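# Commentary on secondary and tertiary structure
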Amino acid sequence: MDKTILRRPVPEFLMTANLPPLLRRVYAARGIRSIDELEQSLKHLLPYSSLLGIEQAVTCLYQALSQQQHILILGDFDADGATSTALAVSALQAFGAQQVSYLVPNRFEYGYGLTSEIVEVAAERNPQLIVTVDNGISSIAGVVRANELGIQVLITDHHLSAETLPPARAIVNPNQPGCFFPSKNLAGVGVIFYVMLALRNHLRQVNWFAEQNLPEPNMSNLLDLVALGTVADVVPLDQNNRILVQQGLNRIRQNKARPGIAALLKIANRSKEHLVASDLGFALGPRLNAAGRLEDMSLGIACLLSQDPIQAESMALRLDALNKERREIEATMQQQAQSVLSQLKINADLPLGVCLHDSSWHQGVIGILASRIKDQLHRPVIAFASTDSVLLKGSARSINGVHIRDVLDAIAKKQPQLISKFGGHAMAAGLSLHQENYPAFCQAFAEEVARHISLDDIQGKITTDGELTAEHFCIEIADLLRNAGPWGQAFPEPLFDNYFYIVEQRIVGHKHLKLQLQLEQSHLVFDAIAFNIDIEKWPNYRARKIHGVYRLDVNEFRGVRNVQLMIEHLTVVEN
């Protein structure tokens with residue numbers, strides 16, 4: 001679909017701040033109202049005291065710790081779940097817990113969360129306390145079964161809750177009713193970090209570390225995990241999350257990352273010294289997620305927990321191989337989805353909410369497929385895979401203006417028989433339903449989405465920070481922008497648009513367009529690259545001039561650093 005290029009409005013405030021003019025413009029367009037909102041030191045982190053349930057959680061954990069009970073961490077099979085699990089295990093062991101283990105449900109056997117079935121598996125290990133991380137807020141049946149077996153449950157989660165909460169010993173979730181924690185955007189790893197922060201403070205007050213002859217742990221050692229999980233889960237980077245991510249990035253850049261993260265960076269060919277948030281999201285996150293998508297996330301957690309660099313690198317190599325396999329599976333699925341979509345007229349026949357299903361699709365990759373198709377169609381998409389001959393599992397991805405979990409909730413309330421279970425966020429959700437209900441669900445989903453958006457709302461739009469002038473195209477400005485984040489969800493990396501003349505163009509890596517571009521009304525020429533270009537349209541040797549939307553970046557090769565434009569979108573300008 002064609003895209004409309006919009007430019008972010010630039011309010012007049014912040015213009016007196018002691019910042020370079022370009023940064024004032026960028027920050028103002030992202031809603032920054034004062035210089036205080038750019039503070040990134042840990043002293044500006046929101047206190048844990050306003051988290052509902054935090055005191056009960058600390059009491060529960062302290063009892064388990066002081067009695068050396070077996071604590072089992074019940075994780076999730078994505079990067080947020082893996083980092084949350086690794087953080088909980090690492091912190092508790094540093095606090096002196098002698099019996100800490102973890103369990104991650106295999107997504108193909110047990111599905112998501114603390115189900116009653118996975119409680120039976122957990123019970124075989126004889127834990128006295130189960131701590132959920134990045135899941136549990138909707139696990140009513142699982143908590144009930146754990147209670148029946150005499151196992152206490154502490155839930156730490158960040159997903160949206162239903163009207164009824166599980167009967168757990170304690171629940172810490174900024175999105176549960178009655179919680180007044182100012183930021184609702186913590187990832188699962190952020191929630192468990194706060195819980196462990198509160199527990200450490202309590203242990204300090206009761207003189208635990210001195211009595212146990214233990215060094216008091218530095219909680220900053222966990223921030224590399226917090227940064228990775230927060231960015232990989234694509235939660236909004238409000239100020240609190242930006243502090244957590246920036247502090248984690250600082251530790252990694254200072255060569256203080258745990259061996260598993262260092263190994264993943266090495267495999268991904270990312271420099272620790274110049275690491276930015278997008279590297280965590282696009283290089284490390286997918287490799288970690290690949291374990292949960294194709295096999296078992298235990299491999300990813302073991303990599304993050306390893307203290308042996310050689311062992312960690314071996315596991316990182318396996319994760320990298322799984323990620324390559326995942327890409328191949330995804331490519332095949334995308335071709336199948338494109339075949340279906342090509343038979344439809346996008347604006348005429350295609351509903352505003354799209355459901356796609358193929359019995360051959362891989363359960364672990366449908367979320368990525370839904371995201372790719374969503375980006376192409378600019379509308380909410382749910383991709384379904386068959387779990388067996390009866391059930392379908394769906395992964396939903398949404399766009400601004402459509403809260404996808406609320407859409408599913410509305411459907412479930414109107415037609416309770418359609419959806420077996422669901423949960424998620426504003427932009428992503430998961431669900432299960434019986435195959436026989438699929439046609440009716442598709443219709444209900446299209447109708448519910450249409451209540452929130454119209455065709456006008458889903459026309460492809462790219463919002464930029466405007467033009468750059470010739471003096472901005474330099475290493476100093478590129479570095480300034482690169483390090484002015486961390487950039488991410490709801491705090492997007494600066495994006496600009498200008499007119500350029502094409503000096504040279506060629507395909508590299510089979511599907512990427514390498515360009516040399518001359519800035520209009522200037523003699524300046526820059527390298528540029530557009531990833532995953534449509535090779536049926538490019539190279540286009542008749543094109544002389546383009547309107548390009550791009551990020552200003554630095555390409556480093558053999559120690560030489562040059563400005564490079566990362567092209568997000570380009571349109572041929574008629575001569």
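Only a predicted model underlies this, so the values are computations on that prediction, with no experimental measurement involved.

## Quick look at the sheet that holds strand β10 (residues 421-424)
Strand order in the open sheet made by the five strands is β7-β8-β9-β11-β10, with mixed pairing throughout. Strands with a single pairing partner mark the edges of an open sheet, and in this sheet they are β7 (354-357) and β10. For this sheet, the mean angle separating the axes of adjacent strands, direction not counted, is 20 degrees. Along the sheet face, helix α15 (residues 404-414) touches β8 (381-386), β9 (391-397), β10 and β11 (428-434) and points at about 155 degrees away from the line of β10.

## Focus: the environment of Asp-465
You can see Asp-465 is positioned in the loop between β12 (460-464) and α17 (475-482). The exposure class of Asp-465 is buried, given its relative accessible area of 5%. Between the alpha carbons of Asp-465 and Val-549 there is a distance of 9.8 Å; along the sequence they are 84 residues apart. There is a polar contact of 2.8 Å between the side chain of Asp-465 and the side chain of Arg-30.

## Describing helix α12 (residues 298-305)
Residues of α12 that are buried include every one of Gly-300, Ile-301, Cys-303 and Leu-304, and no others. The buried residues of α12 occupy an angular sector of 155 degrees when projected down its axis, which confines them to one face.

## Some thoughts on the pairing of β7
Sheet topology places β7 next to β8; four bridges connect them, and they run parallel. Bridging across to β8, Cys-355 finds its partner in Ile-382.

## As for the nonpolar core
Within the largest apolar cluster, 141 residues are counted, with the highest numbers of intra-cluster contacts made by Leu-92, Phe-95, Phe-193, Met-196 and Leu-565. A per-element tally of this core places helix α6 (residues 188-205) first, with eleven residues. Apart from residues no more than four positions distant in its own chain, Phe-193 is found in contact with Leu-45, Leu-87, Met-219, Leu-222, Leu-223, Val-226 and Leu-244. Counting residues in each nonpolar core, the second largest holds 26 residues, with Ala-396, Ile-399, Val-407 and Leu-418 among its members.

## Section: the packing of aromatic side chains
The geometry of an aromatic ring pair comes down to the distance between the two centres and the angle between the two planes. Applying the stated criterion across every chain yields a total of 15 aromatic pairs. Seen in terms of ring centroids, Phe-441 and Phe-445 are 5.9 Å apart; in terms of plane orientation they differ by 15 degrees. Their pairing is stacked. In this pair, Phe-441 and Phe-445 are both assigned in helix α16 (residues 438-450), four residues apart and thus about one turn of the helix distant. Assigned by exposure class, Phe-441 and Phe-445 land together as buried. With 5.6 Å between their ring centres and 75 degrees between their planes, Phe-500 and Tyr-550 make a pair best called edge-to-face. Taken together, the residues Phe-500 in strand β13 (residues 496-508) and Tyr-550 in strand β16 (residues 545-557) connect sequence positions 50 residues apart. Tyr-550 carries the same exposure label as Phe-500, and that label is buried. One cation-aromatic arrangement involves Arg-242 over Phe-491; the distance from NZ or CZ to the ring centre is 4.1 Å.

## A short note on the side chain of Asp-157
Residue position: Asp-157 is located in the loop between β5 (152-156) and β6 (170-172). A polar contact of 3.3 Å, which involves the side chain of Asp-157, links it to the backbone nitrogen of Gly-136. Among the polar contacts listed, one links the side chain of Asp-157 to the backbone nitrogen of Ile-137, at a separation of 3.0 Å. The contact partners of Asp-157, leaving out residues within four places of it in the chain, are Tyr-112, Asp-134, Asn-135, Gly-136, Ile-137, Val-172, Asn-173, Pro-174 and Val-191.

Calculation rules
- Residues numbered from 1 in each chain as written.
- Predicted model: local features only at pLDDT ≥ 70, side-chain atom pairs only at ≥ 80, totals over all residues.
- Heavy atoms only, no water.
- Pairing = 2+ DSSP bridges.
- Helix = DSSP H or I, 4+ residues; strand = E, 2+ residues; numbered from the N terminus.
- Axes fitted to C-alpha atoms, helices over the stretch in contact; angles between N-to-C directions.
- Contact = heavy atoms within 4.5 Å.
- Buried < 20%, exposed > 50% of the residue type's maximum accessible area, 1.4 Å probe, protein only.
- Polar contact = N/O pair within 3.5 Å; in protein donor to acceptor, adjacent residues only side chain to side chain.
- Arc of directions from axis to C-beta.
- Core = buried A, V, L, I, M, F, W, Y, C linked by side-chain atoms within 4.5 Å.
- Phe/Tyr/Trp six-rings, centres within 6.5 Å; stacked < 30°, edge-to-face > 60°.
- Lys NZ or Arg CZ within 6 Å of the ring centre and 35° of its normal.

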